[in-house]
Amino acid sequence: MSTPKEGVLRWTGEGLAFSGQVGSGPTVTIDGDAKAGPSSTDSLLLGLMGCMSIDVLTILQKGRVTVNALETRVEAERAPDPPKYFTRVRLTFVLEGPSPAERPKVDRAIELSREKYCSVFHSLRPDLQFETSVEGV
């Protein structure tokens, strides 16, 4: 079992902005108005993109696939009524470096992130419609 995470989030006193940190990590601002920082739902999307991007990059590097650039784009839809959870998310991985012959390794890296490694993805609702695509390879 891993060590439990601890953190704190405090209202800044302005609008819907909160400042906080987990453990000794950096302080971040989350803003329900998306002015002083991303909203909580935007932060969730950033966390998902970050988690899968880190996995994909790490897996490709271990597989000795050259990656000169990696950009991850998101399109997401939410339910119309509260709690307005995400119903559909599509991630597009745009890579520079891998050759067309290495496309199976790219696809496998994305599959491994989704099926095994990305803890953010596995923390989402099981009924989420989730899609991925790749450009540049």
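Refer to the structure presented above.
Cut-offs and rules
Residues numbered from 1 in each chain as written. Predicted model: local features only at pLDDT ≥ 70, side-chain atom pairs only at ≥ 80, totals over all residues. Heavy atoms only, no water. Helix = DSSP H or I, 4+ residues; strand = E, 2+ residues; numbered from the N terminus. Buried < 20%, exposed > 50% of the residue type's maximum accessible area, 1.4 Å probe, protein only. Contact = heavy atoms within 4.5 Å. Areas by Shrake-Rupley, 256 points an atom, 1.4 Å probe, with all protein chains shown as cover. Polar contact = N/O pair within 3.5 Å; in protein donor to acceptor, adjacent residues only side chain to side chain. Pairing = 2+ DSSP bridges. Axes fitted to C-alpha atoms, helices over the stretch in contact; angles between N-to-C directions. Parallel < 35°, antiparallel > 145°, perpendicular 65-115°, else oblique. Left-handed = near helix turned anticlockwise from the far one by under 90°.

*Asks:* Any details on the overall build of the protein chain? Residues and values, ideally.
*Replies:* Secondary structure summary: the protein chain contains two helices and six strands in total. Put simply, the protein chain runs from its N terminus to its C terminus through helices and strands in the order β-β-β-α-β-β-α-β. C-alpha atoms of the protein chain, sized along the principal axes, occupy 55 × 35 × 30 Å. Per-residue burial for the protein chain yields a buried fraction of 28% across its 137 residues. For the protein chain, the share of sequence-separated contacts (at least 6 apart) that also reach a separation of at least 24 residues comes to 53%. As displayed, the protein chain has an accessible area near 8,900 Å², and 52% of this comes from carbon and sulfur atoms.

*Asks:* Please set out the side chain of S133 residue by residue, giving values where relevant.
*Replies:* Position of S133 among the secondary structure elements: in strand β6 (residues 129–135). Polar contacts involving the side chain of S133 include one to the side chain of R90, which spans 3.3 Å. Side-chain polar atoms of S133 contact the side chain of T92, separated by 3.0 Å. Setting aside its immediate chain neighbours within four residues, S133 contacts R90, L91, T92 and F93.

*Asks:* Before we move on, could you go through the sheet that holds strand β5 (residues 86–96) and cite the residues and values that matter?
*Replies:* Adjacent strands of a sheet pair through backbone hydrogen bonds, lying either parallel or antiparallel. Spatial ordering of the open sheet is given by β4-β5-β6, a layout of three strands whose pairing is mixed. Of all strands in the sheet, those with a lone pairing partner are β4 (69–78) and β6, marking the two edges. Neighbouring strand axes in the sheet, compared pairwise and without regard to direction, differ in orientation by 15° on average. This element, helix α1 (residues 40–62), spans β4, β5 and β6 of the sheet and lies at about 40° to β5. Where helix α2 (residues 103–117) meets the sheet, it contacts β5 and β6, and its direction lies at approximately 155° from that of β6.

*Asks:* How would you explain unusual backbone geometry if you had to name every residue and give the values?
*Replies:* Across the junction of P82 and P83, the peptide omega takes the value 15°, indicating a cis bond. With respect to the secondary-structure elements, P83 resides in the loop between β4 and β5. Its identity is not glycine, yet A34 carries a phi of approximately 55°, on the positive side. For A34, the location among the structural elements is in the loop between β3 (28–31) and α1. Given a relative accessible area of 44%, A34 falls into the partly exposed group.

*Asks:* Please give an account of the packing of α1 against α2 that cites residues and values.
*Replies:* Orientation of α1 relative to α2, taken along the N-to-C sense of each, is 130°, at an axis distance of 9 Å. In terms of their interaxial angle, α1 and α2 are classed as oblique. Once α1 is placed against α2, the crossing between them reads as right-handed. Together, C51, M52, D55, V56, I59 and L60 of α1 and K105, V106, A109, I110, L112, S113, R114 and Y117 of α2 make up the contact between the two elements.

*Asks:* Now, about the sheet that holds strand β2 (residues 17–22): what can you tell me, with residues and values included?
*Replies:* Ordered by their spatial adjacency, three strands build an open sheet running β1-β2-β3, and the pairing between neighbours is antiparallel. Sheet topology places β1 (7–11) and β3 at the edges, where each strand pairs with a single neighbour. The average undirected angle you get between the axes of adjacent strands in this sheet is 25°. Across four bridges, β2 lies against β3 in antiparallel orientation. What sits directly across from S19, in β3, is T29.

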